[in-house]
Amino acid sequence: MNHFELFNLKVSFDIDLTQVSSTYQTLQRLTHPDKFASGSQQEKLLAIQKNALVNDAYNMLKSPLLRAEYILQLRGVDLQHEQQTIKDTSFLMQQMEWREQLSEVEEQAEPLDELELLDDEIRKEITSELVELKSLLDQQTEQANQQAADLIRKLKFLYKMCAEIELKEEALSDF
Amino acid sequence: MAYSEKVIDHYENPRNVGGFDKNDPSIATGMVGAPACGDVMKLQLKIDDNGIIEDAKFKTYGCGSAIASSSLVTEWVKGKSIDEASAISNMDIAEELALPPVKIHCSILAEDAIKAAVDDYKSRQK
């Protein structure tokens, strides 16, 4: 049973996240190890395993990036264990520029405002890439799958950037 | 996971951080990124008329191992010909820095940065 089936869903990039979250509550309740506190050792162990599986599946389903990666994995394209590098110079230049902006943000008059602008810019980019990703995954051809894989590789840099902005935001807000 | 002393040394005192003017004809620029971790690396080589690397600089946004790997290769490539520099493999880097298996991709990034810079140099020679 794959993660989508566990949540009673068809394998698709487009899923109803409200439904996912309510299914999660139900599955979480059904498999919660506390329910099996008086059960046998075997039953307890099984509950822990099922509960972990439910949590893994939920974390994967709610993240667009992980969801897309998982769909490709089901189609035989494994991105998780690859170690290859990308060499798209103009894309990397842009990443470099954004990271430079982030590292110099403290020198600005209003660092938190600058961070928000940067965050907006990157999130806008992510939103438009996700639209593209959905249409590529819908095509279900070998060529589209490879293009989707390339897009996921790029999206990983964008999500990493968002995470770093968040960390910086927290660090700056402490003062 | 503990970093090796060499990684910490390069991380705390990175050699040759910075950049050259990428429009200068003697400068070759290699840009690479590792999707696995979102690290980005820029390596620039200053190459003389005989194809010998006179100087090198890097800028890396990434973890300690990625910074150490790029810092190390800037030291290694100086004085080498572009062919000798291209022969540096990620295993040499990983061994020198005692990188654990989960950080091997950092050394691959540094190896590919050299290759990307050499490719950039060759494409300019044509």
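Under an unreviewed UniProt entry, the name given to chain B is Iron-sulfur cluster assembly scaffold protein IscU, and the source organism is Paraglaciecola algarum.

Chain A is annotated in an unreviewed UniProt entry as Co-chaperone protein HscB homolog of Paraglaciecola algarum. As stated in UniProt under Sequence similarities (unreviewed entry), the record for chain A gives "Belongs to the HscB family." The Subunit (unreviewed entry) field of the UniProt record for chain A holds the comment "Interacts with HscA and stimulates its ATPase activity."

Novice: Hey, could you run me through the overall build of chain B in this one?
Specialist: When you go through chain B residue by residue, the secondary structure sums to 5 helices and 3 strands. Along chain B, helices and strands appear, N-terminal first, in the series α-β-β-β-α-α-α-α. Taken over C-alpha atoms, the radius of gyration comes to 14 Å for chain B, in line with the 14 Å a tight globule of 126 residues would show. Overall, chain B is about 45 × 25 × 25 Å in size when its C-alpha atoms are taken along their principal axes. Looking at chain B residue by residue over its 126 residues, the buried ones come to 54%. For chain B, long-range pairs separated by at least 24 residues make up 61% of all intrachain contacts whose partners lie at least 6 apart in sequence.

Novice: Got a minute to help me understand the pairing of strand β3 (residues 53-61) of chain B in this structure?
Specialist: Consecutive side chains of a regular strand alternate in pointing toward one face of the sheet and then the other. All names here are of chain B. With 8 bridges connecting them, strand β2 (residues 39-47) and β3 associate as antiparallel partners. What sits directly across from Met-41, in β3, is Thr-60. Hairpin connection, β2 to β3: the antiparallel pair is bridged by 5 residues, and Gly-51 has positive phi, about 80°.

Novice: Looking at this structure, I do not really get the UniProt feature "domain: J" (unreviewed entry) in chain A. What am I missing?
Specialist: The sites that carry the UniProt feature "domain: J" (unreviewed entry) are, in the present numbering, residues 2-74 of chain A. Helix makes up 71% of residues 2-74 of chain A and strand 0%, and the two end C-alpha atoms of the span are 9 Å apart.

Novice: I keep staring at the UniProt feature "coiled-coil region" (unreviewed entry) in chain A and nothing clicks. Help me out?
Specialist: Residues annotated by UniProt as "coiled-coil region" (unreviewed entry) correspond here to residues 123-154 of chain A. Structurally, residues 123-154 of chain A is divided into 94% helix and 0% strand, and its ends, taken at the C-alpha atoms, are 13 Å apart.

Novice: Would you explain the interface of chain A and chain B in this entry?
Specialist: With 18 residues of chain A in contact, the opposing surface of chain B contributes 20 residues. Carbon and sulfur atoms supply 68% of the area buried between chain A and chain B, which totals about 1,700 Å² over both sides. Area buried by chain A at its contact with chain B is led by A:Gln83, A:Thr85 and A:Met96, which between them contribute 33% of it. Our count for the contact surface shared by chain A and chain B stands at 3 salt bridges. For B:Asp112, the salt bridge goes to A:Lys87, with nearest N and O atoms at 3.9 Å. Linking chain A to chain B there are 5 residue pairs in polar contact (both at pLDDT 80 or more). Counting residues per element, the side of chain A that touches chain B draws most heavily on helix α5 (residues 89-103) of chain A, at 8 residues.

Novice: What's the story with helix α3 (residues 41-62) of chain A in this structure? I'm lost.
Specialist: Structural remark: α-helix, 3.6 residues per turn; residues separated by three or four positions point the same way. Residues and elements named next belong to chain A. In this model α3 runs 32 Å from its N-terminal to its C-terminal C-alpha over 22 residues, within 8% of the 32 Å that 1.5 Å per residue would give. All of the buried residues along α3 are Ala-47, Asn-51, Val-54, Ala-57, Tyr-58, Met-60 and Leu-61. On its buried side, α3 packs onto α1 (3-6), α2 (17-31) and α4 (64-74).

Novice: Can you walk me through the pattern of salt bridges in this structure?
Specialist: A side chain of one charge can pair with a side chain of the opposite charge if their charged atoms are brought near each other. Applying the stated criterion to the full structure yields 16 salt bridges over all chains. B:Lys59 is the salt-bridge partner of A:Glu100, the closest N and O atoms lying 3.4 Å from each other. One end of the pair, A:Glu100, is in helix α5; the other, B:Lys59, is in strand β3, on a second chain. B:Lys59 gets classed as partly exposed once you look at its relative accessible area, which sits at 25%. A salt bridge links B:Asp120 to B:Arg124; its shortest N-O distance comes to 3.2 Å.

Novice: Looking at this structure, I do not really get the packing of aromatic side chains. What am I missing?
Specialist: The geometry of an aromatic ring pair is captured by the separation of the ring centres together with the interplanar angle, meaning the angle of the planes. All names here are of chain A. Here the structure, examined in full by the defined rule, presents 3 aromatic pairs over all chains. Judged by centre distance (6.0 Å) and plane angle (35°), the rings of Phe-4 and Tyr-70 are tilted. With Phe-4 in helix α1 and Tyr-70 in helix α4, the pair connects residues that are 66 residues apart, well separated along the chain. The pair Phe-4 / Tyr-70 is uniform in exposure class, with both members buried. Relative to Phe-157, the ring of Phe-91 lies with its centre 5.7 Å away and its plane at 75°, an arrangement referred to as edge-to-face. With Phe-91 in helix α5 and Phe-157 in helix α7 (residues 142-173), this residue pair connects regions lying 66 residues apart in the sequence. The ring of Phe-13 carries Arg-67 above its face, with NZ or CZ at 4.9 Å from the centroid. The ring centre of Phe-91 lies 5.2 Å from the NZ or CZ of Lys-154, which sits over that ring.

Novice: Even after reading the chapter, I still don't get the layout of surface pockets, so can you show me in this structure?
Specialist: Over the atoms, a rolling probe the size of a water molecule traces out where space has been left empty. Reported here for the largest pocket is a volume of approximately 200 Å³. Forming the walls of the largest pocket are A:Arg99, A:Leu102, A:Ser103, A:Lys160, A:Glu164, A:Lys168, B:Gly38, B:Asp39, B:Tyr61 and B:Gly62. Taken together, the elements giving at least two residues each to the lining of the largest pocket come down to α5 and α7 of chain A. For the lining of the largest pocket, a count of residues per class yields 2 nonpolar, 3 polar and 5 charged. There is about 150 Å³ of room inside the second largest pocket. Along its surface, the second largest pocket is lined by A:Lys87, A:Thr89, A:Met93, B:Lys22, B:Thr29, B:Gly30, B:Met31, B:Ala116, B:Asp119, B:Asp120 and B:Arg124. For the lining of the second largest pocket, the elements supplying multiple residues, two or more each, are α5 of chain A together with β1 (27-34) and α5 (104-125) of chain B. When residues in the lining of the second largest pocket are grouped by element, the largest group, 4 residues, is from α5(B). Along the lines of polarity and charge, the residues of the lining of the second largest pocket split into 3 nonpolar, 3 polar and 5 charged.

Rules of the game
- Residues numbered from 1 in each chain as written.
- Chains lettered and ligands numbered in written order.
- Predicted model: local features only at pLDDT ≥ 70, side-chain atom pairs only at ≥ 80, totals over all residues.
- Heavy atoms only, no water.
- UniProt positions renumbered as here; feature names shortened; annotations may be inferred.
- Helix = DSSP H or I, 4+ residues; strand = E, 2+ residues; numbered from the N terminus.
- Rg over C-alpha atoms; globule rule 2.2 N^0.38 Å.
- Buried < 20%, exposed > 50% of the residue type's maximum accessible area, 1.4 Å probe, protein only.
- Contact = heavy atoms within 4.5 Å.
- Pairing = 2+ DSSP bridges.
- Buried area = accessible area lost by both parts, 1.4 Å probe.
- Salt bridge = Lys/Arg side-chain N within 4 Å of Asp/Glu carboxyl O.
- Polar contact = N/O pair within 3.5 Å; in protein donor to acceptor, adjacent residues only side chain to side chain.
- Expected span 1.5 Å × (residues − 1).
- Phe/Tyr/Trp six-rings, centres within 6.5 Å; stacked < 30°, edge-to-face > 60°.
- Lys NZ or Arg CZ within 6 Å of the ring centre and 35° of its normal.
- 1 Å grid on protein atoms, 1.4 Å probe; cavity = no way out; pocket = protein on both sides within 12 Å on 5 of 7 lines; lining within 4 Å.
- Points joined across faces, edges and corners; volume = space filled by probe spheres on them.
- Nonpolar A, V, L, I, M, F, W, Y, C, P; charged D, E, K, R; others polar.

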